[in-house]
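This is what each chain is made of:
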Amino acid sequence: MTPKLRLEHVRHEFTVRDPDRPRRAPARFTALEDVTLDIGAGEFLVLVGPSGCGKSTLLDLLGGLSRPSSGRILLDGSPVTGPGLDRGLVFQQYALLPWRTARGNVEFGLEAKRVARRERARRAREYLELVGLAGFEEHYPHELSGGMRQRVAIARSLAFDPEVLLMDEPFAALDAQTREALQDELLRIWTHTGKTVLFVTHSIDEAVYLGQRVAVMTSRPGRIKTVIDIGLDRGAGTDPRSDPVFGQYRHTVWTELRGEVTAAQRLERTAASRKDLPHG
């Protein structure tokens, strides 16, 4: 069966200039190297890795915001060549339009699809209700809490019915209680909609709690080191976090990740020391 998303030997490089030595020729910086990964239709896959390993860069490539230096990204077997309404993106920063109400923000993507005004309003109400914001349709972003603003961002991404939901640390800026509440909310929405979700996080607990599979990335340049199947019971009335099996999965992920975090820290120290060297 063809996967919903396929990454084939994806490599991505940046051109980097040294601001302290502007006359020097720009260097090439490899963020991702030979990333190969399949994500099935309706799957919830979580991506974890050390800081600077290219997780967000990979999400930008999947969203079509940039293109890989080599390799291919396929959605339903067709190459991803740019942004499209078949992919919904949710970022850590809510990116809401401050002059629009919650309803107006949700309708924004529907306007790009030329959806009729009455249908836009209906869908906005439907998806705001889905994320638990019925009654807040006419509130502006500054009138909403951080968790509520992130719910609006999720509703906006879902309203135009994307094939895939791409989420880049969407709960990282929230307090612990709100974060856990939104994790539960996201799982409920995923179960309700059956969307394919690729979720990026630094949190091992969040990865194990949310993901059907957890893909662990190496330190820079980022590669897929391993993919771990998560078999938690997420049935109604149970809290997987209190299950001893949760701790076992968490230990498995951390065992794979620990060495990559150490390597990433070593790279950071090396880069910092080179900055301190005199320019000869």
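Residues numbered from 1 in each chain as written. Predicted model: local features only at pLDDT ≥ 70, side-chain atom pairs only at ≥ 80, totals over all residues. Heavy atoms only, no water.

Undergrad: Would you explain the nonpolar core in this entry?
TA: Soluble, globular proteins show a tendency: their nonpolar side chains are buried together. Counting residues in each nonpolar core, the largest one holds 50 residues, and the members touching the most others are F44 and F199. In terms of residue count, the dominant contributor to this core is helix α4 (residues 146-159) (7 residues). Excluding residues that lie within four positions of it along the chain, F44 makes contacts with L186, L187, W190, V197, F199, L210, G211, Q212 and R213. L5, V35, L75 and I224 belong to the second largest nonpolar core, which has 25 residues in total. (Core = buried A, V, L, I, M, F, W, Y, C linked by side-chain atoms within 4.5 Å. Buried < 20%, exposed > 50% of the residue type's maximum accessible area, 1.4 Å probe, protein only. Helix = DSSP H or I, 4+ residues; strand = E, 2+ residues; numbered from the N terminus. Contact = heavy atoms within 4.5 Å.)

Undergrad: Whenever I open this one, the sheet that holds strand β2 (residues 27-39) confuses me. Can you help?
TA: Think of a sheet as strands paired side by side through backbone hydrogen bonds, with each pair either parallel or antiparallel. Read from one edge of the open sheet, 4 strands run β2-β1-β4-β5, paired in antiparallel fashion. Taken across any chain shown, the strands that pair with only one partner, and hence form the sheet edges, are β2 and β5 (78-79). As paired elements, strand β1 (residues 5-16) and strand β4 (residues 70-75) share 5 bridges and run antiparallel to each other. By the bridge assignment for β4, R11 is matched with S70. (Pairing = 2+ DSSP bridges.)

Undergrad: Any chance you could explain the pattern of salt bridges here in plain terms?
TA: Opposite charge on two side chains permits pairing when their charged atoms draw close. For the structure on display, the rule yields 24 salt bridges. Of the charged contacts in the structure, one is a salt bridge between D86 and R87, with a shortest N-O distance of 2.8 Å. A salt bridge links K225 to E256; the shortest N-O distance between them is 3.8 Å. Residue K225 is found in strand β10 (residues 224-229), and its partner E256 is found in helix α7 (residues 244-276); the two are separated by 31 residues along the sequence. Sharing partners across several salt bridges, the network here consists of R103, E107, R120 and E138. (Salt bridge = Lys/Arg side-chain N within 4 Å of Asp/Glu carboxyl O.)

Undergrad: Explain the pairing of β1 to me, please; I cannot follow it from the model alone.
TA: Successive residues of a regular strand alternate their side chains across the two faces of the sheet. Note that β1 and β2 share 9 bridges and pair antiparallel. Each residue of the ladder has a partner; that of V10, found in β2, is V35.

Undergrad: What is the right way to read the sheet that holds strand β8 (residues 196-200) from this model?
TA: Spatial ordering of the open sheet is given by β6-β7-β8-β3-β9-β10, a layout of 6 strands whose pairing is mixed. Since the sheet does not close on itself, it has two edges, and those belong to β6 (87-91) and β10, each with one partner. Geometrically, the sheet is characterised by an average inter-axis angle of 15° between neighbouring strands, direction not taken into account. With 4 bridges joining them, strand β3 (residues 44-48) and β8 adopt parallel strand pairing. In the sheet register, L47 faces β8, and the bridge partner there is V200. Against the sheet, helix α1 (residues 55-62) makes contact with β3, β6, β7 (164-168), β8 and β9 (213-217), and its axis sits at roughly 150° relative to β7, the strand it touches most. (Axes fitted to C-alpha atoms, helices over the stretch in contact; angles between N-to-C directions.)

Undergrad: Please explain the environment of D76 as it appears in this structure.
TA: Secondary-structure assignment places D76 in the loop between β4 and β5. Residue classification places D76 among the partly exposed residues on the basis of a relative accessible area of 43%. As for D76 and K4, which are separated by 72 residues in sequence, their C-alpha atoms are 5.0 Å apart. For D76, the contacting residues outside a window of four places in its chain are P3, K4 and E163.

Undergrad: What is the right way to read the pairing of β10 from this model?
TA: Both β9 and β10 contribute to a ladder of 5 bridges, which runs antiparallel. Bridge pairing in β10 links M217 to I224. Linking β9 to β10, which pair antiparallel, is a turn of 6 residues.

Undergrad: Honestly, helix α3 (residues 117-130) in this entry has me stumped. Any pointers?
TA: In this model α3 runs 20 Å from its N-terminal to its C-terminal C-alpha over 14 residues, within 8% of the 20 Å that 1.5 Å per residue would give. Every buried residue of α3 is listed here: R120, A121, R123, A124, Y127, L128 and L130. Against the buried residues of α3 lie α2 (102-112), α4 and α5 (176-193). Once α3 ends, the next one or two residues include G132, with phi positive near 85°. (Expected span 1.5 Å × (residues − 1).)

Undergrad: What am I meant to see in empty space enclosed by the protein here?
TA: All told, the structure shown has 1 cavity of 30 Å³ or more when counted by the stated rule. In this model, the largest cavity occupies a volume close to 30 Å³. Along the walls of the largest cavity sit I154, L158, L165, L186, I189, W190, T193, K195 and V197, which together make up its complete lining. The set of elements that each furnish at least two residues to the lining of the largest cavity consists of α4 and α5. If one sorts the elements of the lining of the largest cavity by residue count, α5 sits on top with 4 residues. (1 Å grid on protein atoms, 1.4 Å probe; cavity = no way out; pocket = protein on both sides within 12 Å on 5 of 7 lines; lining within 4 Å. Points joined across faces, edges and corners; volume = space filled by probe spheres on them.)

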